[in-house]
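Coordinate analysis (summary)
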Amino acid sequence: MPVLVMKFGGTSVATLDRIRRAAKRVGVEVAKGYDVIVIVSAMSGKTNELVGWVNETSPMYDAREYDAVVSSGENVTAGLMALTLQEMDVPARSWQGWQVPVKTTSAHSSARIEEIPSDNIMAKFQQGMRVAVVAGFQGVSPEGRITTLGRGGSDTTAVAFAAAFDAERCDIYTDVDGVYTTDPRVSAKARKLDKIAFEEMLELASLGAKVLQTRSVELAMRYKVKLRVLSSFEEQSDTAGTLVCDEEEIMESNVVAGVAFSRDEAKMTLVSVADRPGIAATIFTALSEAGVNVDMIVQNIAEEGRTDMTWSCPNDQVKRAEKAMDAAKESGVIRFDEMIADMDVAKVSVVGIGMRSHTGVAAKMFRVLSNEGINIKVITTSEIKISVLIDRKYMELAVQALHDAFELEKSA
Ligand code: ADP
Ligand code: ASP
Ligand code: MG
């Protein structure tokens, strides 16, 4: 029988009632003749609560124990979903990651899936089980320890199962009815897209649109998984939601497909470092060894052999970066006068594959921001995106102004 993967996010399994609604949707697909793999997230808010408990217990926690704790939210929903399906007379059972097993690397709290053997679950399907409910977000390391895949990781579990089981489709059920031109919570004018290209979705996700975890889009692109995002709260048709697909499948698209943003940014500057070969290598090696994910980088014009070095990174990594730079200064590897951390910044980005062939998008973006009186602190570009760092208090304004200026409420 054909296999379908259905993933339900936190809000879609937030209460027993919602689990029942989700189970009904699963029942509809079973009745159509599919064997279904259901991937569940923890009930909404649960993972945050668990992360909070870990931080409170041990600020410099052992990541293996972090994973043991935060993976547990998904175990509860997997069991409850299987029970709900059984109550509806649908043959179902639950699986935790290690039982499948979902084999991952040992990079605790941000592990990558390496392999999902399909034989255990397939054997059960052959014996008449119709639904395998799998706890998302978790796996098992080569050392036999529980791992998690990074926040939002159940999306990646879903796509990885779709690839491993050669599923007909991977449906991601969430609290919005598809992928929008920007987060509908920030702009009332956001428009739902019927289709979006993998490359664009990949950029939007990595630039902050948390509707899909970045890694899930990467996997879908690599393994040609038919990926759909849709609402678990509305009646569904076969064409509901947004299809993430190859760009060749999209006839017309706007130059800019969407606007993404990320609140959790910080800008750091080392004031007055030596302007000589090797200085950037030294700074960024130290940061990378400390596990700081540097995003944007600017080196200012040098004066009298000294320069300022600025970068952005997630704001929860600032302490780590400061520690690394202080240590480098103390050991004499780097000299600088001062280190400044600006925690009140946000990143706003416009994304679109049309930028490959259209000029003037950057100029227009900068003009729009300047018309709103928004100062740009750092800029980066790639072939299909332009990102700016601005004061966080202007983030919503910037997103709305850009959405208006690029006329994203209208389709191409
Ligand atoms: P789930 O718990 O189902 O995984 P998430 O909260 O992780 O759901 O992701 C869905 C949320 O993503 C939406 O509620 C929405 O606020 C946000 N979002 C951000 N950018 C977009 C976008 N471009 N299109 C749709 N939703 C977006
Ligand atoms: N429950 C996990 C999280 O909140 C994984 C997920 O929902 O995708 O990050
Ligand atoms: Mg999510």
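Before reading further, recall that the structure is shown in the block above.
Below is a summary of the structure that appears in this document. (Residues numbered from 1 in each chain as written. Chains lettered and ligands numbered in written order. Predicted model: local features only at pLDDT ≥ 70, side-chain atom pairs only at ≥ 80, totals over all residues. Heavy atoms only, no water.)

Let's shift gears to the nonpolar core. Val 5, Ile 37, Ile 121, Phe 161, Cys 170 and Met 201 are the most contacted members of the largest nonpolar core, which has 43 residues in total. Top element by residues in this core is helix H6 (residues 154-164). It accounts for 5 residues. Aside from chain neighbours lying at most four places away, what touches Ile 37 is Val 3, Leu 4, Val 5, Met 6, Phe 125, Ala 132, Val 134, Phe 161 and Phe 165. Grouped together as the second largest cluster of nonpolar side chains are 25 residues, Met 6, Ala 82, Ala 92 and Ala 240 included. (Core = buried A, V, L, I, M, F, W, Y, C linked by side-chain atoms within 4.5 Å. Buried < 20%, exposed > 50% of the residue type's maximum accessible area, 1.4 Å probe, protein only. Helix = DSSP H or I, 4+ residues; strand = E, 2+ residues; numbered from the N terminus. Contact = heavy atoms within 4.5 Å.)

As a further point, take the site of ligand 1. Around ligand 1, a shell composed of 16 residues is seen, among which Thr 174, Asp 175, Tyr 180, Asp 183 and Arg 185 lie nearest. Side-chain polar atom of Thr 174 to an oxygen atom of ligand 1: 2.7 Å apart, as the coordinates give it. The separation between an oxygen atom of ligand 1 and a polar side-chain atom of Lys 210 is 3.4 Å. Against a free-state accessible area of 580 Å², the protein chains account for coverage of 89% of ligand 1. (Near = heavy atom within 4 Å. Polar contact = N/O pair within 3.5 Å; in protein donor to acceptor, adjacent residues only side chain to side chain. Areas by Shrake-Rupley, 256 points an atom, 1.4 Å probe, with all protein chains shown as cover.)

Scanning the model with the defined rule gives 4 aromatic pairs in all. Ring geometry for Phe 8 and Tyr 173: centres 4.9 Å apart, planes at 15°, overall stacked. With Phe 8 in strand S1 (residues 3-8) and Tyr 173 in strand S9 (residues 169-174), this residue pair connects regions lying 165 residues apart in the sequence. Taking the relative accessible area as the measure of exposure, Phe 8 reaches 0% and is therefore buried. For the pair Phe 284 and Trp 311, a centre-to-centre distance of 5.8 Å together with 80° between the ring planes defines the contact as edge-to-face. Taken together, the residues Phe 284 in helix H9 (residues 279-289) and Trp 311 in strand S15 (residues 306-314) connect sequence positions 27 residues apart. Given a relative accessible area of 1%, Trp 311 falls into the buried group. We note Arg 93 situated over the ring of Trp 95; from NZ or CZ to the ring centre the distance is 3.6 Å. (Phe/Tyr/Trp six-rings, centres within 6.5 Å; stacked < 30°, edge-to-face > 60°. Lys NZ or Arg CZ within 6 Å of the ring centre and 35° of its normal.)

One number sums up the size of the second largest pocket: a volume of about 280 Å³. In terms of lining residues, the second largest pocket is bounded by 15 residues, among which Arg 191, Leu 193, Lys 195, Glu 252 and Ser 253 are the most central. In the lining of the second largest pocket, the residues fall into 6 nonpolar, 3 polar and 6 charged. (1 Å grid on protein atoms, 1.4 Å probe; cavity = no way out; pocket = protein on both sides within 12 Å on 5 of 7 lines; lining within 4 Å. Points joined across faces, edges and corners; volume = space filled by probe spheres on them. Nonpolar A, V, L, I, M, F, W, Y, C, P; charged D, E, K, R; others polar.)

With respect to the helices and strands, Thr 182 occurs in the loop between S9 and strand S10 (195-197). The exposure class assigned to Thr 182 is buried, which follows from its relative accessible area of 3%. A distance of 2.7 Å separates a polar atom in the side chain of Thr 182 from the backbone oxygen of Val 259. Apart from the residues within four sequence positions on either side, Thr 182 is in contact with Ser 187, Ala 190, Val 259, Phe 261, Val 399 and His 403.

Okay, the side chain of Asp 67 next. One can find Asp 67 in helix H3 (residues 63-70). Of the side chains bearing the opposite charge, Arg 145 lies closest to the buried Asp 67, which forms no salt bridge; the N-O distance is 8.5 Å. A distance of 2.9 Å separates polar atoms of two side chains, one belonging to Asp 67 and the other to His 108. (Lys, Arg positive; Asp, Glu negative; His and termini not counted. Salt bridge = Lys/Arg side-chain N within 4 Å of Asp/Glu carboxyl O.)

Applying the stated criterion across every chain, the model contains 24 salt bridges. The partner of Arg 215 in a salt bridge is Glu 218, with the nearest N and O atoms 2.8 Å apart. Linking Arg 215 with Glu 218, this pair stays in helix H8 (residues 214-223), spanning 3 residues, or about one helical turn. We classify Arg 215 as buried; its relative accessible area is 15%. Between Arg 392 and Asp 344 there is a salt bridge, and its shortest N-O distance comes to 3.9 Å.

A few words now on helix H7 (residues 198-206). Among the residues of H7, those classed as buried are Phe 198, Glu 200, Met 201, Glu 203, Leu 204 and Ala 205. Two residues or fewer past H7, Gly 208 is found with a positive phi of approximately 125°.

With that out of the way, let us pick up the pairing of strand S6 (residues 131-135). Taken residue by residue, a regular strand's side chains alternate between the two faces of the sheet. The buried fraction of S6 amounts to 5 of the 5 residues, a majority that puts the element mostly inside the structure. Across 4 bridges, the pairing between strand S3 (residues 92-95) and S6 is parallel. Bridge pairing links Trp 95 to Val 134 in S6. (Pairing = 2+ DSSP bridges.)

Let's shift gears to the sheet that holds strand S17 (residues 378-382). Strands belonging to one sheet form pairs held by backbone hydrogen bonds; the direction of such a pair is parallel or antiparallel. If you walk across this open sheet you meet the 6 strands as S14-S15-S13-S16-S18-S17, and the pairing is antiparallel. With one partner strand each, in any of the chains shown, strand S14 (297-299) and S17 form the two edges of the open sheet. Direction aside, the axes of adjacent strands within the sheet are offset by 25° on average. In the sheet, S14 pairs with S15 via 3 bridges, with the strands oriented antiparallel. Its bridge partner lying in S15, Val 298 is registered against Thr 310. Running over the sheet, H9 touches strand S13 (258-274), S14 and S15 and is turned about 25° from S15. (Axes fitted to C-alpha atoms, helices over the stretch in contact; angles between N-to-C directions.)

That's the geometry; what it means functionally is another story.
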